[in-house]
Amino acid sequence: MNIPDSRNPRVVIIGGGFAGLSIAKQLKNRNFQVVLLDKHNYHNFQPLMYQVATGGLEAGTIAYPIRKVVQEHKETYFRMANVESVDTKGKKVIADIGTIYYDYLVIATGSTNNYFGNKEIEKNSMVMKTIPEALDIRSLILENFELALQTNDEQERRSLLNFVIVGAGPTGVELAGALAEMKKAVFPKDYPDLDLSLMEIHLVQGSGRVLDAMSEKSSKAAAKFLKKLDIKVHVDTIVTNYDGKTVTTKDGLSFDTQAVIWSAGVKGAPVEGVNESLDRATRIRVNEFNQVEGFDDVFAIGDVAAMYGEKYKFGHPMMAQPAIQQGELLAENLDRLAKKQSLKKFVYNDKGSMATIGRNKAVVDLPKLHFNGVFAWFVWMFVHLMSLIGFKNRTLVFWSWVYNYFVFDRESRIIVRPFRKRRAKELENDSL
């Protein structure tokens, strides 16, 4: 990897998400050599991914170069690499670009989609964990509308204009709301010769309410907002299969659709080499100092880490704040560890959660306060705007929001990555 030798202990961080960047920034100019590895050369702001998928934002506005984040850090090196495994006995990380030895290893590889073992759903549905996947969803939506104009078969047209989102957490709710707003304000102008009454948006949730991780008050408010937007919500409904044409559920419902977006579950995305420390959700079990079970020099933080406690019996929520806070504390603990001082236990400071369901519609849960509506929407926008990395990104996103709000438009309706043709070619290659 061409990393120079150093007198300082080497910290290798795998993953440039919220957790990985958090600890890398906190280790700035401390007495460590820091090596940050990620398969992309950018950090993407996942909470706004759905706006890229629905044409509200350009992909570049929610991405930020990792090298720019760490360019002023003394003894910090970034390498774009796909980590294949770790050797905890030999204290080394094996990647596609080479091998690197570490004194301390931090695994911050985040999460991936959980299909609960259903290969058909995995093969045929869309997901939204990365920018390329968000662009694929955008292309599929627009391509479906183009095809709907061309067909004379009404059943085919209904299938093309029927969108099914599986999972009513923040991602599913926000995506459904954005699609509903496009149906109301954008698509009538783009497709005046198309009967948009045929377009349906289904939001399918396995539990008894939407946003079930938030308060009941916020859940009820969100359900009310979704109904106003004419989104068909199906709770206590478990999807059992999707063959590319029809969604089937456990209780006998079925939807003919050519667009299923899966947001029903996530699981840890660990690296090979720590398999014995994984729990049922493939998260890495860690102690209160984020040390991987059985190790003093290997740590896991963020979505991939499962720190069990009385309050968090299944680990901390897989969100940005726990990841950021764990990264910040671990940087301090590595400093203390190098100085042979006692480590500080991680205590999560829950700052609340929120979700938006469209223009002037959002729900916010704070530790002692729950509210919704227009003010909640402004709070949601402010928090997400300030959480973006880089002044330029904040400015671009702000002006995009202002423009979209007053003009009722989403200008990023461009098919730059034709999805259907590429997908057909992939399936053809798979069959050979």
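These remarks concern the structure in this document. Every value quoted in this text rests on a predicted model; they were computed, and no experiment measured them.

The rules behind the values
Residues numbered from 1 in each chain as written. Predicted model: local features only at pLDDT ≥ 70, side-chain atom pairs only at ≥ 80, totals over all residues. Heavy atoms only, no water. Helix = DSSP H or I, 4+ residues; strand = E, 2+ residues; numbered from the N terminus. Rg over C-alpha atoms; globule rule 2.2 N^0.38 Å. Buried < 20%, exposed > 50% of the residue type's maximum accessible area, 1.4 Å probe, protein only. Contact = heavy atoms within 4.5 Å. Pairing = 2+ DSSP bridges. Axes fitted to C-alpha atoms, helices over the stretch in contact; angles between N-to-C directions. 1 Å grid on protein atoms, 1.4 Å probe; cavity = no way out; pocket = protein on both sides within 12 Å on 5 of 7 lines; lining within 4 Å. Points joined across faces, edges and corners; volume = space filled by probe spheres on them. Phe/Tyr/Trp six-rings, centres within 6.5 Å; stacked < 30°, edge-to-face > 60°. Parallel < 35°, antiparallel > 145°, perpendicular 65-115°, else oblique. Nonpolar A, V, L, I, M, F, W, Y, C, P; charged D, E, K, R; others polar. Salt bridge = Lys/Arg side-chain N within 4 Å of Asp/Glu carboxyl O. Lys, Arg positive; Asp, Glu negative; His and termini not counted. Left-handed = near helix turned anticlockwise from the far one by under 90°.

1. A few points about the overall build of the protein chain
Piece 1. In terms of helices and strands, the protein chain carries 12 helices and 24 strands.
Piece 2. Scaling as 2.2 N^0.38, a compact globule of 432 residues should have a C-alpha radius of gyration of about 22 Å, and the protein chain matches this with 22 Å.
Piece 3. In terms of principal-axis extent, the alpha carbons of the protein chain reach across some 70 × 55 × 45 Å.
Piece 4. Among the 432 residues that make up the protein chain, the fraction classed as buried is 51%.
Piece 5. Here the contacts in the protein chain between residues at least 6 apart in sequence split such that 65% fall between residues at least 24 apart.

2. Some words on the sheet that holds strand E2 (residues 33-38)
Piece 1. The sheet built from 5 strands is open, its strands ordered E5-E2-E1-E9-E20 with parallel pairing. One side of each edge strand has no neighbouring strand; the edge strands of this open sheet are strand E5 (76-80) and strand E20 (298-300). Going across the sheet, the axis of each strand differs from the next one's by a mean of 15°, ignoring polarity.
Piece 2. With respect to the sheet, helix H1 (residues 18-26) is in contact with strand E1 (10-14), E2 and strand E9 (104-107), its orientation differing from that of E1 by roughly 155°.
Piece 3. Seen against the sheet, helix H9 (residues 320-338) touches E1, E9 and E20 and runs at an angle of roughly 165° to E9.

3. Comments concerning the layout of surface pockets
Piece 1. What the second largest pocket holds in volume is close to 580 Å³.
Piece 2. Taken together, 24 residues make up the lining of the second largest pocket; nearest its centre are Lys-123, Asn-124, Met-126, Phe-419 and Arg-423.
Piece 3. When residues of the lining of the second largest pocket are traced back to their parent elements, those giving at least two are helix H4 (119-124), helix H5 (131-150) and helix H12 (419-431).
Piece 4. Element by element, the count of residues in the lining of the second largest pocket is highest for H12, at 7 residues.

4. Quick word on the packing of aromatic side chains
The description of an aromatic ring pair uses the distance of the two centres, along with the angle that the planes make with each other.
Piece 1. Applying the stated rule across the entire model yields 14 aromatic pairs.
Piece 2. With 6.3 Å between their ring centres and 75° between their planes, Phe-32 and Tyr-104 make a pair best called edge-to-face. You can see Phe-32 sitting in the loop between H1 and E2 and its partner Tyr-104 sitting in strand E9, a full 72 residues away along the chain.
Piece 3. Using a relative accessible area of 1% as the deciding quantity, one classes Phe-32 as buried.
Piece 4. Considering the side-chain rings of Phe-398 and Trp-399, the 5.3 Å spacing of their centres and the 70° angle between planes classify their relative orientation as edge-to-face.
Piece 5. Residue Trp-399 is classed as exposed on the basis of its relative accessible area, which comes to 54%.
Piece 6. The rings of Phe-145, Phe-163, Phe-187 and Tyr-191 are connected pair by pair, giving a single aromatic cluster.

5. A few points about the packing of helix H10 (residues 374-387) against helix H11 (residues 391-407)
Piece 1. Running from N to C, H10 and H11 point in directions that differ by 150°, and their axes come no closer than 9 Å. The orientation of H10 with respect to H11, classified from their angle, is roughly antiparallel. Contacts between H10 and H11 involve Trp-377, Trp-380, Met-381, His-384, Leu-385 and Met-386 on the former and, on the latter, Arg-394, Val-397, Phe-398, Trp-401 and Tyr-405.
Piece 2. Within the contact of H10 with H11, the residues separate by chemical class into 9 nonpolar, 1 polar and 1 charged.

6. A look at the pattern of salt bridges
Piece 1. Applying the stated criterion across every chain yields a total of 13 salt bridges.
Piece 2. Two residues, Glu-181 and Arg-410, come together in a salt bridge whose shortest N-O distance is 3.8 Å. Residue Glu-181 is found in helix H7 (residues 170-190), and its partner Arg-410 is found in the loop between H11 and H12; the two are separated by 229 residues along the sequence. The same class applies to Glu-181 as to Arg-410, namely buried.
Piece 3. Put simply, Lys-344 and Glu-332 hold a salt bridge, and the shortest N to O gap is 2.6 Å. Taken as a pair, Lys-344 in the loop between H9 and strand E22 (353-358) and Glu-332 in helix H9 lie far apart in primary sequence, 12 residues in all.
Piece 4. Each of Arg-30, Asp-335 and Lys-339 takes part in one network of salt bridges that share partners.

7. Overview of the side chain of Arg-79
Piece 1. Along the chain, Arg-79 turns up in strand E5.
Piece 2. Within the buried set, Arg-79 has no salt-bridge partner at all; the shortest N-O distance to an opposite charge, 11 Å, is to Asp-96.
Piece 3. Residues in contact with Arg-79, not counting those within four places in the same chain, are Met-1, Asn-2, Ile-3, Leu-36, Leu-37, Asp-38, Arg-67 and Ile-97.

8. Details of the packing of H1 against H9
Helix packing for two helices is described by the angle between their axes and how far apart those axes are.
Piece 1. At their nearest, the axes of H1 and H9 sit 7 Å apart, and the two run at 30° to each other. Remark: the crossing between H1 and H9 carries right-handed chirality. Of H9, the residues touching H1 (which contributes Phe-18, Ala-19, Ser-22, Ile-23 and Gln-26) are Ala-320, Ala-323, Ile-324, Gly-327, Glu-328, Leu-330, Ala-331 and Leu-334.
Piece 2. Within the contact of H1 with H9, the residues separate by chemical class into 9 nonpolar, 3 polar and 1 charged.

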